[in-house]
Amino acid sequence: MQKIAMITDSGCDLPESYVKQFENLFVIPLVVRLDDGEYRSGVDIDTEQLLERMEKGETAKTSLPDPGGLDELLAELKEKGFTHIAFVLMSSALSGTVNMVRLACQQHKEFTTFVYDSKVLSMGLGYIVMGAVELLDTGASFEALEAALPGLREDVDCMFYLPTLEHLVAGGRIGRVAGMVGKLLNLRPIIGCDENGVYYPRATAVGARRTVQTVKRILSDFTAGKNFELAVVHSGALADARKLLDELREIPGILADQILPLGPALAAHVGRGMLAVCARRQPAI
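Residues numbered from 1 in each chain as written. Predicted model: local features only at pLDDT ≥ 70, side-chain atom pairs only at ≥ 80, totals over all residues. Heavy atoms only, no water.

## A closer look at the sheet that holds strand 2 (residues 25-28)
Spatially, 4 strands are ordered 2-1-6-7 in an open sheet, and the strand pairing comes out parallel. Two strands close off the open sheet at either side, each with one partner strand: strand 2 and strand 7 (112-117). Ignoring strand direction, the axes of neighbouring strands in this sheet form an average angle of 20°. One ladder, built from 4 bridges, connects strand 1 (residues 4-9) with strand 6 (residues 84-89); its direction is parallel. Considered in strand 6, the bridge of Met 6 is made with Ala 86. Contacting strand 1, strand 2 and strand 6, helix 3 (residues 67-79) crosses the sheet at an angle of about 165° to strand 2. Along the sheet face, helix 4 (residues 97-106) touches strand 1, strand 2, strand 6 and strand 7 and points at about 170° away from the line of strand 7. (Pairing = 2+ DSSP bridges. Helix = DSSP H or I, 4+ residues; strand = E, 2+ residues; numbered from the N terminus. Axes fitted to C-alpha atoms, helices over the stretch in contact; angles between N-to-C directions. Contact = heavy atoms within 4.5 Å.)

## Some thoughts on a negative patch on the surface
Together, Glu 38, Asp 66, Asp 71 and Glu 72 give the surface a local cluster of negative charge. If you trace the backbone, Glu 72 turns up in helix 3. (Patch = residues over 30% accessible without salt bridge, like charges linked within 9 Å, V, L, I, M, F, W, Y side chains within 5 Å. Areas by Shrake-Rupley, 256 points an atom, 1.4 Å probe, with all protein chains shown as cover. Salt bridge = Lys/Arg side-chain N within 4 Å of Asp/Glu carboxyl O. Lys, Arg positive; Asp, Glu negative; His and termini not counted. Charge placed at Lys NZ, Arg CZ, Asp CG, Glu CD.)

## Describing the environment of Val 156
If you trace the backbone, Val 156 turns up in strand 8 (residues 156-161). Val 156 sits in the buried class, given a relative accessible area of 3%. Setting aside chain neighbours within four positions, we find Val 156 in contact with Gly 124, Tyr 127, Ile 128, Phe 222, Ala 279 and Arg 280. (Buried < 20%, exposed > 50% of the residue type's maximum accessible area, 1.4 Å probe, protein only.)

## Here's the deal with the sheet that holds strand 5 (residues 61-63)
Spatial ordering of the open sheet is given by 4-3-5, a layout of 3 strands whose pairing is antiparallel. Two strands close off the open sheet at either side, each with one partner strand: strand 4 (37-40) and strand 5. Put simply, the sheet's adjacent strands are angled 35° from each other on average, direction ignored. Both strand 3 (residues 31-34) and strand 4 contribute to a ladder of 4 bridges, which runs antiparallel. Note on strand 4: the bridge partner recorded for Val 31 is Arg 40.

## Comments concerning the layout of surface pockets
Of the voids in this model, the largest pocket is the one considered here, and its volume is about 930 Å³. Contributing to the lining of the largest pocket are 31 residues, with Ser 10, Val 27, Ser 41, Gly 42 and Val 43 lying nearest its centre. Contributing elements (two or more residues each) for the lining of the largest pocket: helix 1 (16-19), strand 2, helix 3 and strand 12 (254-261). (1 Å grid on protein atoms, 1.4 Å probe; cavity = no way out; pocket = protein on both sides within 12 Å on 5 of 7 lines; lining within 4 Å. Points joined across faces, edges and corners; volume = space filled by probe spheres on them.)

Structure, rendered in C-alpha cells:
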C-alpha cells in the first residue's frame, strides 16, 4: 500500500486554511534574513511586517528552508506511516530548494520520492499543488501523480508586474540597464517564467492603465474557450489588487477567484506594490 505525502515550499502562496484541510499536504518555509536574524517565511514573520522593516531601511535577503526542519518533518512522516513523498517545488532557477531537497532524498532511502521542479512560483506553483492534491484524493498512484504533473503545469499561467524594478535590480534578478530604462520611461515589464523557470519580459506597457489592459489580454488568450480559476497576488497592495481583479472579472469563464498576499520570502525580492495574476485552466467549455 502506498501512503503518499506531498511537500511544497512556502513560495507557493497557498492559503494556510487550504493547506490545513489535507493531512497529506505539507509546506516547508523559506527563510528571510533581516538585520537581527533569520525568520521562517509565513511562520515567524508576515509580509506586511517584512515590508514595513524594508521601508525603514533594513535589507532583506532570503535563503533555503532549514535542512534540519526538513529532517524533522520527514521523521514525523515516517512515524505517521507515509511510504512515498512527492516534492512539488518552486523554480530551481529562482531558488536552491530543489537541489537541497534532492540531496535530502538521498539521505532518506526509507521513502520512495520524486522531486518536481515546477519552473514557476507563487500561485502558479500553488495551482499545480492543488491539482496534484485533487489527483491524490481520487486515489491516483504515486506513479500516476508524477506522470500527470507536466500536464498540470501546462494548464497554469502566472505573470507579475511592479511599480518599481529597484528591488529586482538590487537582488541581481534583472539587469541594471533594464531597471534604469524602466525608471526613465515609465515602462512596466510584465514578467513571467520561461520554460527554464527564469524570469523574462512577456510584454511591456507604458503606465498603469495600459499595463492592466495588457495583462487582461494575455490572460484572455491563455483561457480562451475554457473555464479557469484566478488568483491575484499582491505585495502590500490590497486596494490595487481589488481594482485589478474587478477588471479581470470581465473575462468569461471564471469559476472562482481570490486575492492573496505574496509570501514574505518572495516579497523580499520585489518590495511593496507587486501584483501577480495566476490562473489554472479547466477542461474546455
